[in-house]
Amino acid sequence: MNRREYATACLAAMLCAACAPGATRPVPAAFDRTLERDGVRFRVRSANDGSLNRVRIDVDGRLGRHTELDERAGLVTEVAVGDLDGDGFPELYVMITSAGSGSYGELSGLGLRAGGGLERIALVDPADSPAMRGYQGHDRFELRERMLLRRFPLYRPEDPNARPGGGVRELRYRLSPPRAGQTRSLELDGHVDLPVPR
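Residues numbered from 1 in each chain as written. Predicted model: local features only at pLDDT ≥ 70, side-chain atom pairs only at ≥ 80, totals over all residues. Heavy atoms only, no water.

1. Considering the overall build of the protein chain
Inference 1: Check the secondary structure of the protein chain and you find one helix and 12 strands.
Inference 2: Along its sequence from the N terminus, the protein chain presents helices and strands in the succession α-β-β-β-β-β-β-β-β-β-β-β-β.
Inference 3: Counting the 198 residues in the protein chain, one finds 42% classified as buried.
Inference 4: Of the contacts made within the protein chain by residues no fewer than 6 positions apart, 44% connect residues no fewer than 24 positions apart.
Inference 5: Carbon together with sulfur atoms contributes 49% to the accessible area of the protein chain, which is approximately 10500 Å² in total. (Helix = DSSP H or I, 4+ residues; strand = E, 2+ residues; numbered from the N terminus. Buried < 20%, exposed > 50% of the residue type's maximum accessible area, 1.4 Å probe, protein only. Contact = heavy atoms within 4.5 Å. Areas by Shrake-Rupley, 256 points an atom, 1.4 Å probe, with all protein chains shown as cover.)

Printed below as a string of structure tokens:
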């Protein structure tokens, strides 16, 4: 697949029929997903029944059992498990999508500590960075090897919400190493722009 075909596929995935003018968004469904990696099982549940939703994460495996409760603005839409720092202890990443036509994406993570217990992982969103110029939501996240990839369509000033004309941008994040007293984070490690499909 060449770069133009790749950009076309990305845009098609981001701008589904629910984003088209006059389309109605589907009623959100409750989220319940279980994933397993390296002997650790993660179960993520959310009612997804309002703009503010409670998220329950149950972790069961070689370091014991843990439960994490959180409230997030938006709907849980996807989860993924990886080992972005290669330390042998998996991380869970939860994707949240805001209500409304913009479908702004957010991501939070949980990692296992070698000595037991959980630690939060935050996505460092470079809001003032040139990498975010033209951003108006419709995020898609993917784990690939040791990176988190975040893709979104680019909007020009005159573009309507359903028809971005600036192509697709892919941001690449890496998981920061542990630092005493600090929350671990996914830090921006570069980005690339894909051409406008024709």
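2. Brief notes about the sheet that holds strand 10 (residues 147–153)
For sheets, the rule is that strands pair by backbone hydrogen bonds, running either parallel or antiparallel.
Inference 1: Taken in spatial order, the eight strands line up as 5-6-7-8-12-11-10-9 in an open sheet, and their pairing is mixed. In this open sheet, the two strands that pair with only one neighbour each are strand 5 (75–82) and strand 9 (140–144). Put simply, the sheet's adjacent strands are angled 25° from each other on average, direction ignored.
Inference 2: The sheet contact formed by strand 11 (residues 168–175) and strand 12 (residues 184–194) spans seven bridges and is antiparallel. Bridging across to strand 12, L171 finds its partner in H191. (Pairing = 2+ DSSP bridges. Axes fitted to C-alpha atoms, helices over the stretch in contact; angles between N-to-C directions.)

3. Quick notes on the packing of aromatic side chains
Inference 1: Tallied over the entire structure, the rule returns two aromatic pairs.
Inference 2: Each ring, one from Y104 and one from Y135, has its centre 5.7 Å from the other, and the planes form 70°; the classification is edge-to-face. Pair noted here: Y104 is in the loop between strand 6 (91–97) and strand 7 (105–112) and Y135 is in the loop between strand 8 (118–123) and strand 9, with a separation of 31 residues, a long-range link.
Inference 3: Geometrically, the ring pair formed by Y135 and F152 is edge-to-face, given 4.8 Å between the ring centres and 70° between the ring planes. Taken as a pair, Y135 in the loop between strand 8 and strand 9 and F152 in strand 10 lie far apart in primary sequence, 17 residues in all. F152 matches Y135 in its accessibility class, with the two residues each being buried.
Inference 4: Ring pairing ties together the aromatic residues Y104, Y135 and F152, which thus form one cluster.
Inference 5: When the ring centre of Y135 is taken as origin, the NZ or CZ atom of R150, which lies over that ring, is 5.3 Å away. (Phe/Tyr/Trp six-rings, centres within 6.5 Å; stacked < 30°, edge-to-face > 60°. Lys NZ or Arg CZ within 6 Å of the ring centre and 35° of its normal.)

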